[in-house]
Amino acid sequence: MFLHDIIMAYAIDNDNVIKDNAMEKKNLKIGKSTIYETLSTINTTMFLPAIQRKLVWSNDQITRLFDSIMRDYPIGTFLYWRINTENIFEKYSFYDFIKNYDDRQPYNEVCKSFNEKEILGVLDGQQRMSALYIGIKGSITRKQKYVRQDSTNAYEKTELYFNALSGQTPNEGKDIQYEFKFLTEKEAEESNGQTLWVKVSDIYSIESFSKTNSWLRKKGYTNPIVEENISLLATKLLADDNIINYFEISSKTMDEVLDIFIRVNSGGKELSKGDLLFSTIVSQWDNARKKFDELIKELNDMGQGFNFGTEEIITTCLYLMDLQTTLKVANLNSENIDKIKNSWEDIQNSLILTVKLLSDFGYCKDNLTSKNAILPLTYYVFKSKKQDYSSDYSEMRKYLLIAQAKSIFHASSDQVLNHLRSLLTNSYEQNNQTIRELKHRDFKVEYMISADHDYLLFTEDDLQDVLDRKKSDITFTILTILDQNFLFGEKAFHQDHCHPRSLLAVESLTNLGLSKEDAERCEDLRDRLPNLQILEGRKNGRKYNESFISWYNNYTQKDSILCLPTNVSFETKDFLNFYKERRNLLESKLRELLDLPKAVENIHEGSNAFTDPLSFS
């Protein structure tokens, strides 16, 4: 959906904002301006609302934007929010645009004061506006490829240059016609017969297009191609008012602004509600953005990698502070933000330790099926402040297995989280505040089960359902948890079939002498948990479609294979016996881990149960 359509749709939905002719009402203005006029307002009357992300565009994206401008390609409409600055800092937070971008310090500075009574916040077009500002008036310092981090030339400051000899014909095999590059001054001096690098900021400094000819004469540029190209660029930067087209809205309520912002961003990379509400935190905690960014990076870099974001951190903060976890502005009032700010170090350390435990248990972004599942663990770590959690490992793994196998957080997650937190703690009143303390100094699943709240109760039916799961994130999780000596460390592990699935196809099995009925049964069972194992990535790659017996005979770490039966053949034709026996072993181990009673008779050993493939579905 185009920005124009989004704004018009919003206008139709909100009679109090725009009535009759949407184009003419005071709460919506449509306009255009030159690049020069627009950039002159940046960081004086134009700023970034805190709901915006930091700069994410690459150098290539920036230079392509300038090529589009030179070729009269539309660069999209901008959306501004006009707001009165009176008492603004009590309600909201704005940032300056970055002029000189540096990879080592990529954060925008928070505005402390404004000189004007009204300002404009850029709601849509931040990346484009930042690209124009940096390319025309600033610089970029990025880490150089293949250069050591600690090298003196690891980071180089570059500015945007225009090849004044480009643009006559499109480059063969490329979609760029006018060549722009971020270069050091030394690189720009290395012009040849096909390049003449002119700094874009120098052309912008002409200030008025009428002065372009005198500027060209002063610089000694007499080549007709150079004169034509520089005149064209000067026109685009200084005189053309068809490049910057914008909508400007005036709204006094944050709800209206957030509604429009969400609609606009739904067409591109949509920001989560947590990203939007984060601005409420930033408005009262200057350092919040940097601290959140640093924590998120540290968490996501652990082990094999995670994908935590702003929303998860905010939810965790609310949960640890014994507040409602619903992401609403009302839950992020000044009092609650102060609690988060004052407890940040403990919140941060608890999250880091919890994610470190997750990584040790074999979790990563690929098999952590519910991020909410870690909140009770983090809460326990936050409240207990223990130095060593090794005695809790078994119960923590058990909890994560049950929570994810039963998908207890997929619906009404706030309600489930609040119930689990209440079961972990006792509460009392002190100084008109409700204080929560842990009931127990150790972590056990049974502490989070009650007659009214049995989310974590694991039944016989749940057990059979888990054993019959097909290959998925949860089967990967189950295998890693069942092997309590299994730690990922820094290695990458994959979920692999014991007997290759390609050898368990009906046609292949009937060629080995199996009946069609047994072959179909094998094909149905081949992707289920009893035929799965965990292998180090590089070893899994070597295994590929080799028969299980052939691979096993050459495998040097036979003892590491989980629940491998010793009383059956590993031949492909004997897969059904292998499957039955391994399923029994996995079931016994799960019963032990989950403290479930041993079966009086293993119903899956009976021929009737096993001959029907639906008994495993």
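Everything numeric in this text was worked out from a predicted model, so none of it was measured.

Here we look at the overall build of the chain
So, step 1. Looking only at helices and strands, the chain features 25 helices and 15 strands.
So, step 2. Expressed as a percentage of its 617 residues, the buried residues of the chain come to 52%.
So, step 3. Of the contacts formed within the chain by residues at least 6 apart in sequence, a portion of 72% connects residues at least 24 apart.
So, step 4. For the chain, the exposed area adds up to about 30100 Å²; of that, 44% sits on carbon and sulfur atoms.

Notes on the side chain of Thr 325
So, step 1. Tracing the backbone shows Thr 325 in the loop between helix H12 (310-320) and helix H13 (334-342).
So, step 2. The class of Thr 325 is buried, set by a relative accessible area of 2%.
So, step 3. Here the side chain of Thr 325 touches Asp 414 through a polar contact of 2.9 Å, side chain to side chain.

Digging into a negative patch on the surface
So, step 1. A cluster of acidic side chains, namely Glu 185, Glu 187, Glu 189 and Glu 190, defines a negative patch on the protein surface.
So, step 2. Of note, Glu 185 is situated in helix H5 (residues 185-189).
So, step 3. Judged by its relative accessible area of 58%, Glu 185 falls in the exposed class.

Considering the sheet that holds strand S4 (residues 94-95)
So, step 1. If you trace the six strands from one edge of the open sheet to the other, you get S1-S11-S3-S6-S2-S4, paired in mixed fashion. Where the open sheet ends on each side, the last strands, each with one partner, are strand S1 (28-33) and S4.
So, step 2. Examined bridge by bridge, strand S3 (residues 77-84) and strand S6 (residues 118-124) share six bridges and lie antiparallel to one another. Bridging from a neighbouring strand, Trp 81 pairs with Gly 121 of S6.
So, step 3. Each of strand S2 (46-49), S3, S6 and strand S11 (244-250) touches helix H4 (residues 126-137); the most contacted strand, S3, lies at about 95 degrees to it.

Focus on helix H19 (residues 473-482)
Helical geometry: 3.6 residues make up each α-helical turn, so side chains three or four residues apart lie on a common side.
So, step 1. Most of H19 is tucked away: nine of the 10 residues are buried.
So, step 2. Taken together, the buried positions of H19 are occupied by Ile 474, Thr 475, Phe 476, Thr 477, Ile 478, Leu 479, Thr 480, Ile 481 and Leu 482.
So, step 3. Buried-residue contacts for H19 involve helix H16 (393-405), helix H18 (460-467), strand S14 (493-497), strand S15 (532-536) and helix H24 (575-593).

Here we look at the packing of helix H15 (residues 375-384) against H16
So, step 1. In the contact formed by H15 and H16, the axes pass within 10 Å of each other and the chain directions differ by 155 degrees. Of the possible angle classes, the one that applies to H15 and H16 is roughly antiparallel. Contact residues: H15 offers Pro 376, Leu 377 and Tyr 380, while H16 offers Met 396, Tyr 399 and Leu 400.
So, step 2. Classifying every residue of the contact of H15 with H16 by side-chain character gives six nonpolar, no polar and no charged.

Observations regarding H4
So, step 1. In this model H4 runs 16 Å from its N-terminal to its C-terminal C-alpha over 12 residues, within 8% of the 16 Å that 1.5 Å per residue would give.
So, step 2. Across the 12 residues of H4, 11 count as buried, placing the element largely inside the fold.
So, step 3. Every buried residue belonging to H4 is among Gln 126, Gln 127, Arg 128, Met 129, Ser 130, Ala 131, Leu 132, Tyr 133, Ile 134, Gly 135 and Ile 136, and all of these are buried.

So, unusual backbone geometry
So, step 1. Of note, Asp 72 is a non-glycine position whose phi angle comes to about 65 degrees, a positive value.
So, step 2. Summarising the element assignment, Asp 72 is placed in the loop between helix H3 (59-70) and S3.
So, step 3. The class for Asp 72 is exposed, based on a relative accessible area of 56%.
So, step 4. At Ser 407, a position not held by glycine, the phi torsion is positive, near 50 degrees.

Looking at the pattern of salt bridges
So, step 1. Evaluation of the coordinates by the stated rule reveals 29 salt bridges.
So, step 2. With its nearest N and O atoms 3.3 Å apart, the salt bridge here joins Arg 82 to Glu 118. Within this pair, whereas Arg 82 is found in strand S3, its partner Glu 118 is found in strand S6, the two being separated by 36 residues in sequence.
So, step 3. Residue classification places Arg 82 among the partly exposed residues on the basis of a relative accessible area of 25%.

Notes on the environment of Leu 237
So, step 1. With respect to the secondary-structure elements, Leu 237 resides in helix H8 (residues 224-239).
So, step 2. Leu 237 gets classed as buried once you look at its relative accessible area, which sits at 1%.
So, step 3. As for Leu 237 and Ile 136, which are separated by 101 residues in sequence, their C-alpha atoms are 8.8 Å apart.
So, step 4. When neighbours within four sequence positions are excluded, Leu 237 is seen to be in contact with Ile 35, Tyr 36, Ile 136, Val 200, Ile 203 and Tyr 204.

Side note on the packing of aromatic side chains
So, step 1. This structure, assessed with the given rule, holds 28 aromatic pairs.
So, step 2. For the pair Trp 285 and Trp 344, a centre-to-centre distance of 5.5 Å together with 75 degrees between the ring planes defines the contact as edge-to-face. Linking Trp 285 in the loop between helix H10 (273-282) and helix H11 (288-300) with Trp 344 in helix H14 (residues 344-360), this pair joins segments that are 59 residues apart in sequence.
So, step 3. Residue classification places Trp 285 among the buried residues on the basis of a relative accessible area of 4%.
So, step 4. Accessibility expressed as a relative area gives 5% for Trp 344, which makes it buried.
So, step 5. Ring geometry for Trp 551 versus Tyr 555: centroids 4.3 Å apart, planes at 25 degrees, classification stacked.
So, step 6. Taking the ring centre of Tyr 155 as reference, the NZ or CZ of Arg 104 above it sits at 4.3 Å.
So, step 7. Lys 385 extends its terminal NZ or CZ atom over the ring of Phe 382, reaching a point 4.9 Å from the ring centre.

Looking at the side chain of Thr 354
So, step 1. With respect to the helices and strands, Thr 354 occurs in helix H14.
So, step 2. In this structure, Thr 354 is in contact with Ile 374, Leu 377, Thr 378 and Val 381, ignoring residues within four places of it in sequence.

Some thoughts on the pairing of S14
So, step 1. Within S14, four of the five residues are buried, which leaves the element mostly enclosed by the surrounding structure.
So, step 2. One ladder, built from five bridges, connects S14 with S15; its direction is antiparallel. What sits directly across from Asp 496, in S15, is Gln 533.

Re the environment of Asp 322
So, step 1. Mapped onto the secondary structure, Asp 322 falls in the loop between H12 and H13.
So, step 2. It is 8.8 Å that separates the C-alpha atoms of Asp 322 and Asn 418, two residues lying 96 residues apart in sequence.
So, step 3. In this structure Asp 322 touches Tyr 379, Lys 383, Arg 421 and Arg 436, once residues within four positions along its chain are discounted.

Considering the confidence of the model for the chain
Segments scoring low in pLDDT should not have their predicted coordinates read at a detailed level.
So, step 1. Taken as a whole, the chain shows an average pLDDT of 84; of its residues, 83% reach a score of 70 or greater.
So, step 2. A low-confidence stretch, residues 8-26 stays under pLDDT 50, and its non-local contacts, those more than four residues away or across chains, total 27 contacts.
So, step 3. Taken together, the stretch residues 601-617 has pLDDT below 50 and engages in 34 contacts with residues farther than four places along the chain or on a different chain.

With respect to the environment of Leu 525
So, step 1. Position of Leu 525 relative to the elements: it lies in helix H21 (residues 516-525).
So, step 2. The buried category is assigned to Leu 525, whose relative accessible area is 0%.
So, step 3. For Leu 525 and Asp 468, which are 57 residues apart along the polypeptide, the C-alpha to C-alpha distance reads 8.5 Å.

Rules used throughout
Residues numbered from 1 in each chain as written. Predicted model: local features only at pLDDT ≥ 70, side-chain atom pairs only at ≥ 80, totals over all residues. Heavy atoms only, no water. Helix = DSSP H or I, 4+ residues; strand = E, 2+ residues; numbered from the N terminus. Buried < 20%, exposed > 50% of the residue type's maximum accessible area, 1.4 Å probe, protein only. Contact = heavy atoms within 4.5 Å. Areas by Shrake-Rupley, 256 points an atom, 1.4 Å probe, with all protein chains shown as cover. Polar contact = N/O pair within 3.5 Å; in protein donor to acceptor, adjacent residues only side chain to side chain. Patch = residues over 30% accessible without salt bridge, like charges linked within 9 Å, V, L, I, M, F, W, Y side chains within 5 Å. Salt bridge = Lys/Arg side-chain N within 4 Å of Asp/Glu carboxyl O. Lys, Arg positive; Asp, Glu negative; His and termini not counted. Charge placed at Lys NZ, Arg CZ, Asp CG, Glu CD. Pairing = 2+ DSSP bridges. Axes fitted to C-alpha atoms, helices over the stretch in contact; angles between N-to-C directions. Parallel < 35°, antiparallel > 145°, perpendicular 65-115°, else oblique. Nonpolar A, V, L, I, M, F, W, Y, C, P; charged D, E, K, R; others polar. Expected span 1.5 Å × (residues − 1). Phe/Tyr/Trp six-rings, centres within 6.5 Å; stacked < 30°, edge-to-face > 60°. Lys NZ or Arg CZ within 6 Å of the ring centre and 35° of its normal. pLDDT = per-residue confidence, 0-100.

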